[in-house]
Amino acid sequence: MTPRGYREEELVCNRSSLLIHGGTEDERRSWAQEAARNFDVELVEVKQAADLPGALRQPNGVVFIPDVAKLGREAQFAILRCLQMQEERPKVVVGLSGAADAALARGTLREDLHYRLHQAQVDLQQDGLRELLKRRWAVQAEQLAAKVAAAKAAEEKARAALDSRKPGTVTRIAPKRKTVASISRKAAASRNVAR
């Protein structure tokens, strides 16, 4: 893998917006979801140009565009303006179904947007990258499942502790056993009262 600026693993955890191309739409989405998990935010997905302005107005978060070529050149210009002018903005993950160079040659990707993102690109067609990502995502899924299981166990333990303290719960205390000495003292005390 020849780095073109940021390395892929740096891009997933920093605030830089980027162009991710190649691979399938699901692979690009999984990559964007990993970035969103890294920032502990929900992923906002934009598939229509009409939804783009609202998504880009967010001061933070992660906005994923599955295939920017389908949004058209005006929407691409709006993304470019956001990246140039908006100081507080979300991390924008700009997806593209094919190779970036081919999209440039066809005119479906704006040259100025491509230039703006030239230091921050992930090419899923790079040798070994898709396999590396699949392994990383499998490990993350296992870690997430373990966290969920631990949280559920802690919640059940807390609920059980709370249930044991609820009002209306009857706690039975065993009566004291009467001993021979205590019976004889009571008998003597009642005889003294009777006299």
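These numbers were taken from a predicted model, which means no experiment stands behind them.

Criteria and thresholds
Residues numbered from 1 in each chain as written. Predicted model: local features only at pLDDT ≥ 70, side-chain atom pairs only at ≥ 80, totals over all residues. Heavy atoms only, no water. Buried < 20%, exposed > 50% of the residue type's maximum accessible area, 1.4 Å probe, protein only. Helix = DSSP H or I, 4+ residues; strand = E, 2+ residues; numbered from the N terminus. Pairing = 2+ DSSP bridges. Right-handed = clockwise from strand over helix to strand, strands pointing away. Salt bridge = Lys/Arg side-chain N within 4 Å of Asp/Glu carboxyl O. Expected span 1.5 Å × (residues − 1). Core = buried A, V, L, I, M, F, W, Y, C linked by side-chain atoms within 4.5 Å. Contact = heavy atoms within 4.5 Å. Axes fitted to C-alpha atoms, helices over the stretch in contact; angles between N-to-C directions. Lys, Arg positive; Asp, Glu negative; His and termini not counted.

### What to know about the pairing of strand β4 (residues 91-96)
Each regular strand carries side chains that alternate between the two faces of the sheet.
Then, in step 1: In terms of burial, β4 is largely enclosed, as 6 of its 6 residues are buried.
Then, in step 2: Here β4 shows no split at all, with K91, V93 and G95 on one side and V92, V94 and L96 on the other all buried.
Then, in step 3: With 4 bridges joining them, strand β1 (residues 18-21) and β4 adopt parallel strand pairing. Following the sheet pairing, L19 is matched in β4 by V94.
Then, in step 4: On the question of chirality, the crossover connecting strand β3 (residues 62-65) to the parallel β4 by way of helix α4 (residues 73-85) is right-handed.

### Topic: the pattern of salt bridges
Working definition: two side chains of opposite charge can pair if their charged atoms are close together.
Then, in step 1: This model, assessed by the stated rule, comprises 13 salt bridges.
Then, in step 2: Two residues, R7 and E10, come together in a salt bridge whose shortest N-O distance is 3.5 Å.
Then, in step 3: Between E27 and K134 there is a salt bridge whose closest N-O contact spans 3.9 Å. Within this pair, whereas E27 is found in helix α2 (residues 25-38), its partner K134 is found in helix α7 (residues 129-164), the two being separated by 107 residues in sequence.

### Considering unusual backbone geometry
Then, in step 1: Positive phi values are uncommon outside glycine, yet D40 reaches one of about 55 degrees.
Then, in step 2: Considering the arrangement of structural elements, one finds D40 in the loop between α2 and β2 (43-45).

### Let's talk about α2
Then, in step 1: The terminal C-alpha atoms of α2, which comprises 14 residues, lie 20 Å apart, in line with the 20 Å expected from a rise of 1.5 Å per residue.
Then, in step 2: Buried within α2 we find E27, R28, R29, W31, A32, E34, A35 and A36.
Then, in step 3: Directly after α2, the chain includes D40, whose backbone phi takes a positive value near 55 degrees.

### Focus on the nonpolar core
Then, in step 1: I65, V68, I79, V94, L109 and L113 are the most contacted members of the largest nonpolar core, which totals 22 residues.
Then, in step 2: For this core, the secondary structure elements donating two or more residues are α3 (52-56), β3, α4, β4 and α5 (100-106).
Then, in step 3: Looking at this core element by element, the count peaks at 5 residues for α4.
Then, in step 4: Beyond its immediate stretch of four places on either side in the chain, I79 contacts L52, L56, I65, V68, V92, V94 and L113.
Then, in step 5: The next biggest cluster of nonpolar side chains, apart from the first, holds 17 residues, and it includes L18, W31, A35 and L129.

### Topic: the sheet that holds β3
Then, in step 1: Within the open sheet, the 5 strands sit side by side as β2-β3-β4-β1-β5. Their pairing is parallel. Here the strands that pair on one side only, and so sit at the sheet edges, are β2 and β5 (121-123). Ignoring strand direction, the axes of neighbouring strands in this sheet form an average angle of 20 degrees.
Then, in step 2: Here 3 bridges tie β2 to β3, and the two strands are oriented parallel to one another. Bridging across to β3, E45 finds its partner in F64.

### Overview of the side chain of D67
Then, in step 1: Within the secondary structure, D67 is located in the loop between β3 and α4.
Then, in step 2: Despite its burial, D67 pairs with no opposite charge, the nearest such side chain being K70 at 4.5 Å.
Then, in step 3: The residues touching D67, leaving out its near neighbours within four places in the chain, are G95, L96 and S97.

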